[in-house]
Amino acid sequence: MPVPGTRLQTPADSRRFAVSRRRFLQGSAAVVTGLAAANCRQNLAGPPAGGGSNDGALHIYTWANYTDDGLAQAFTERTGIPVVVDIYDSNEIMLTRLQAGGGDAYSIIYPSDYMVSEMLELDLLTALDQSRITGLENLRAQWSNPAYDPNNAHSVPFCWGTTGLLYNREASPGEPTDWNFLWDNQAQLSRRITMLDDMRETLGATLKSLGYSYNSNNPDEIEAAYNRLLELRPHIAAFKTTGFENELLSGDLSVSMAYSSDAIALTLEDERMQYIIPASGASLWTDTLAIPATAPNVDAAYQWINFLLEPEVASSAVERLFFATANQAAFDLLPADIQNNADLYPPDEILAKSEGIVAVNTASTDLFDQFWTEVTSA
Ligand SMILES: NCCCCNCCCN
């Protein structure tokens, strides 16, 4: 049985071309323009100033690598509705943009678990009309009644994953097995590390490296994590959620904290790339589909949700984009090499050590915010 901190599977050569193509498509401004000319525009910036996207298109605000032209085109062919995609790097960026008036710019957003809870508290999500959704029965059983959104009343689980360390075997001073690797090797790794530009993930992993919970509400523990991250700060080349891939491939970076779905795409592209789930535990997340409370074109949003719940649609997206689907019927259609990819679908004993991020109390959120601002602007 694989153990935490160990790479779990040899890359499948057959997947490499598809992944390289995905990275090329998503990284190329020229192709982004091409997509705009077709039916799926992908923007790395936010929505147009002034918000308000009631132009008949389906405006999606999502993470990188969760949609591609294939998905958008199939949807447009089916429904006649064009798709426009804006990308965000963290739940907090998405929340800030929605609160700053972007709530009427998007029909569909992809908040993670704890962010669904936070947005519910703020009345920012539409209560879903379950009679307009088909395919919920396709979800894996553990997502039928998630704690972050009982009965999926405001969100539909889309995919899940872990957050760990992705490294270049030829450019790393050793094989990381745990978060501590970064601190223990900080001199050799200096300016060769990237951490996620994601407050709860990065401060959470630092809490974990100290033996605390991702979800600590103890101010002393949160401050200890801040100080520990501050110690590593001079050695961190950048806080990045995307855009570290080329430097990791070239060996200019040694190790990047990464979401499993992004990491796996790289491990399938180049066998020097290894992804590990840290032995002391990683975050285990679910990303969802939700409709902002003031969304335009709600009908198109329901059509998108139903489209993604179709097993054939979901499984073909997974084959190109490599996220771990929350849809059991889609999983059943996947080729065996993806189903058995233990980086993507880790065994239960590894998942047991992982921790879901949950909403912390207001005082802790303020502390996380304050320390995150200080450490990222240091
Ligand atoms: N490109 C895929 C990114 C996956 C992001 N999931 C975020 C989880 C945050 N806790």
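See above for the structure.
Below is a short write-up of the structure. All chains use their own residue numbering, which begins from 1 and follows the written sequence. Local features in this predicted model are restricted to residues of pLDDT 70 or higher, and side-chain atom pairs are both shown and tallied only at a pLDDT of 80 or more, whereas totals for entire chains, interfaces and linings draw on every residue. Where side-chain values are given, they derive from all heavy atoms of the structure, hydrogens and water being excluded.

### Points about the environment of P311
Part 1 of the argument: Within the secondary structure layout, P311 lies in helix 12 (residues 311–321).
Part 2 of the argument: Buried residues are those whose accessible area, probed at 1.4 Å on protein chains only, stays under 20% of the maximum for their type, while exposed residues exceed 50% and partly exposed ones sit between those limits. Its relative accessible area of 18% is what places P311 among the buried residues.
Part 3 of the argument: We call two residues in contact whenever any of their non-hydrogen atoms come within 4.5 Å of each other. Once residues within four sequence positions are removed from consideration, P311 is found in contact with N138, A329, A330 and L333. Where helices and strands are cited, they refer to DSSP runs of H or I of at least four residues and of E of at least two residues respectively, numbered from the N terminus.

### Description of helix 16 (residues 362–377)
Part 1 of the argument: Here helix 16 spans 22 Å end to end across 16 residues, near enough to the 22 Å set by a 1.5 Å rise per residue.
Part 2 of the argument: Taken as a whole, helix 16 has its buried residues at S364, T365, L367, F368, F371, W372 and V375. The arc that holds every buried residue of helix 16, seen down its axis, measures 160°, which confines them to one face. The exposed set on the far side of helix 16, more than 90 degrees from its buried face, consists of T362, A363 and S377.
Part 3 of the argument: Buried residues in helix 16 make contact with helix 7 (199–209), helix 8 (219–232) and strand 7 (236–239).
Part 4 of the argument: Residue N361 occupies the N-cap position of helix 16, its side-chain oxygen lying 3.2 Å from the main-chain nitrogen of A363. Working rule for helices: expected span equals 1.5 Å times residues minus one. Note that the arc is defined by the directions from the helix axis to the C-beta atoms. For this analysis, a polar contact is any N or O atom pair within 3.5 Å, provided that within protein one partner can donate a hydrogen and the other can accept it, and provided that sequence-adjacent residues contribute only side-chain to side-chain pairs.

### Description of the nonpolar core
Part 1 of the argument: Residues enter a nonpolar core if they are buried and are Ala, Val, Leu, Ile, Met, Phe, Trp, Tyr or Cys, with the set joined through side-chain atoms within 4.5 Å. The biggest cluster of nonpolar side chains holds 99 residues, and the ones touching the most others in it are I108, Y110, L182 and W304.
Part 2 of the argument: Here this core takes eight residues from helix 11 (residues 298–309), the largest share from any one element.
Part 3 of the argument: Grouped together as the second largest cluster of nonpolar side chains are 13 residues, F244, A258, I277 and A282 included.

### Regarding the environment of I338
Part 1 of the argument: In this fold, I338 is placed in helix 14 (residues 336–339).
Part 2 of the argument: Measuring from C-alpha to C-alpha, the distance between I338 and S261 comes to 12 Å, with 77 residues separating the pair along the chain.

### Some words on the site of the ligand
Part 1 of the argument: Near the ligand the following residues occur: W63, A64, Y66, N91, S112, D198, E201, Y259, S261, D262, W285 and D287.
Part 2 of the argument: Between the ligand and A64, the relevant distance is 2.6 Å, taken from a nitrogen atom to a main-chain nitrogen or oxygen of the residue.
Part 3 of the argument: D262 has a polar side-chain atom sitting 2.8 Å from a nitrogen atom of the ligand.
Part 4 of the argument: Note that accessible areas follow from Shrake-Rupley with a 1.4 Å probe, and for residues the cover is restricted to the protein chains shown. For the ligand, whose accessible area on its own is 340 Å², the fraction buried by protein is 99%.
Part 5 of the argument: Every element with two or more residues in the shell around the ligand is listed here: helix 10 (260–269) and strand 10 (283–289).
Part 6 of the argument: When grouped by side-chain class, the residues that make up the shell around the ligand number five nonpolar, three polar and four charged. What makes a residue near a molecule or strand is one non-hydrogen atom of that residue sitting within 4 Å of it. Residues are grouped as follows: Ala, Val, Leu, Ile, Met, Phe, Trp, Tyr, Cys and Pro are nonpolar; Asp, Glu, Lys and Arg are charged; all remaining types, including Gly, are polar.

### A closer look at the packing of helix 4 (residues 91–99) against helix 5 (residues 113–121)
Part 1 of the argument: Axis lines are fitted to C-alpha atoms, over the contacting stretch for helices. Their N-to-C directions set the angle, which ranges from 0 to 180 degrees. With their axes 10 Å apart at the nearest point, helix 4 and helix 5 run at an angle of 25° to one another. Relative to helix 5, the element helix 4 lies roughly parallel. Once helix 4 is placed against helix 5, the crossing between them reads as right-handed. Across the interface between the two elements, N91, E92, M94, L95 and L98 of helix 4 pack against Y114, M115, E118 and M119 of helix 5.
Part 2 of the argument: Taken together, the residues of the contact of helix 4 with helix 5 sort by class into six nonpolar, one polar and two charged. When an angle is under 35 degrees it counts as roughly parallel; over 145 it counts as roughly antiparallel; between 65 and 115 it counts as roughly perpendicular; any other value is oblique. Helix crossings fall into two classes, left-handed where the near helix is turned counterclockwise from the far one by less than a right angle and right-handed where it is turned clockwise.

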